[in-house]
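# A closer look at the structure
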Amino acid sequence: MANHKSAIKRIRQNEKRRAVNRANGSRMRTEIKRLRSALALGDVEGAKALLPAVMSVIDKSIQKGVVHRNAAARYKSRLTARVNTAKPLTK
């Protein structure tokens, strides 16, 4: 356990920042999963509608420092390519 007042404060700050980072990362992963599941179900129109929202969440994650800009660019590129080449499932 920390003994100095400044170290105790630093622990409190780190806990708060960790909670914020986890929430932002979770939000990003959830949106990506929603888009991927729409593609898996063959809902191409739904996926195309979700894509701008997912891109926005990924961009916000870059600004918040949750994900590196190159990793975010990779996510965006791959998701866009999958949406553009997606074909609806036929029954």
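That block above? That's the structure.
Keep in mind that this is a model prediction, so the values were computed, not measured. (Residues numbered from 1 in each chain as written. Predicted model: local features only at pLDDT ≥ 70, side-chain atom pairs only at ≥ 80, totals over all residues. Heavy atoms only, no water.)

### A few points about the pattern of salt bridges
- Considering all chains together, one arrives at 2 salt bridges under this definition.
- Arg 34 is the salt-bridge partner of Glu 31, the closest N and O atoms lying 3.1 Å from each other. Remark: Arg 34 and Glu 31 occur in helix α1 (residues 5–40); sequence separation between them is 3 residues, near one turn of the helix.
- Put simply, Lys 76 and Asp 59 hold a salt bridge, and the shortest N to O gap is 2.7 Å. Placement of the pair is Lys 76 in helix α3 (residues 69–85) and Asp 59 in helix α2 (residues 44–63), with a sequence separation of 17 residues.
- With relative accessibility at 24%, the residue Lys 76 sits in the partly exposed group. (Salt bridge = Lys/Arg side-chain N within 4 Å of Asp/Glu carboxyl O. Helix = DSSP H or I, 4+ residues; strand = E, 2+ residues; numbered from the N terminus. Buried < 20%, exposed > 50% of the residue type's maximum accessible area, 1.4 Å probe, protein only.)

### Some details on α3
- Taking 1.5 Å per residue as the helical rise, α3 with its 17 residues ought to reach 24 Å, and the 24 Å between its terminal C-alpha atoms agrees with that figure.
- Residues of α3 that are buried include every one of Ala 71, Ala 72, Leu 79 and Val 83, and no others. End-on view of α3: buried residues confined to an arc of 100°, all on one side of the axis. Across α3 from its buried face, at more than 90 degrees, point the exposed residues Arg 69, Arg 78, Asn 84 and Thr 85. (Expected span 1.5 Å × (residues − 1). Arc of directions from axis to C-beta.)

### Here's the deal with the side chain of Asn 24
- Along the polypeptide, Asn 24 turns up in helix α1.
- Discounting chain neighbours no more than four positions away, the residues touching Asn 24 are Ser 61, Lys 64 and Val 66. (Contact = heavy atoms within 4.5 Å.)

### As for the packing of α1 against α3
- At a minimum axis separation of 10 Å, α1 and α3 run at an interaxial angle of 20°. Here α1 lies roughly parallel to α3, going by the angle between them. Judged by the sense of rotation from one axis to the other, the crossing of α1 with α3 is left-handed. Every residue of α3 that contacts α1 at Met 28, Ile 32, Leu 35, Arg 36 and Leu 39 is listed here: Tyr 75, Leu 79, Arg 82 and Val 83.
- Looking at the contact of α1 with α3 residue by residue, the class counts come to 7 nonpolar, no polar and 2 charged. (Axes fitted to C-alpha atoms, helices over the stretch in contact; angles between N-to-C directions. Parallel < 35°, antiparallel > 145°, perpendicular 65-115°, else oblique. Left-handed = near helix turned anticlockwise from the far one by under 90°. Nonpolar A, V, L, I, M, F, W, Y, C, P; charged D, E, K, R; others polar.)

### Thoughts on the side chain of Glu 31
- Using a relative accessible area of 16% as the deciding quantity, one classes Glu 31 as buried.
- Those residues in contact with Glu 31, other than ones at most four positions away along the chain, are Val 54 and Val 57.

These results come straight from atomic positions and should not be treated as a statement about function.
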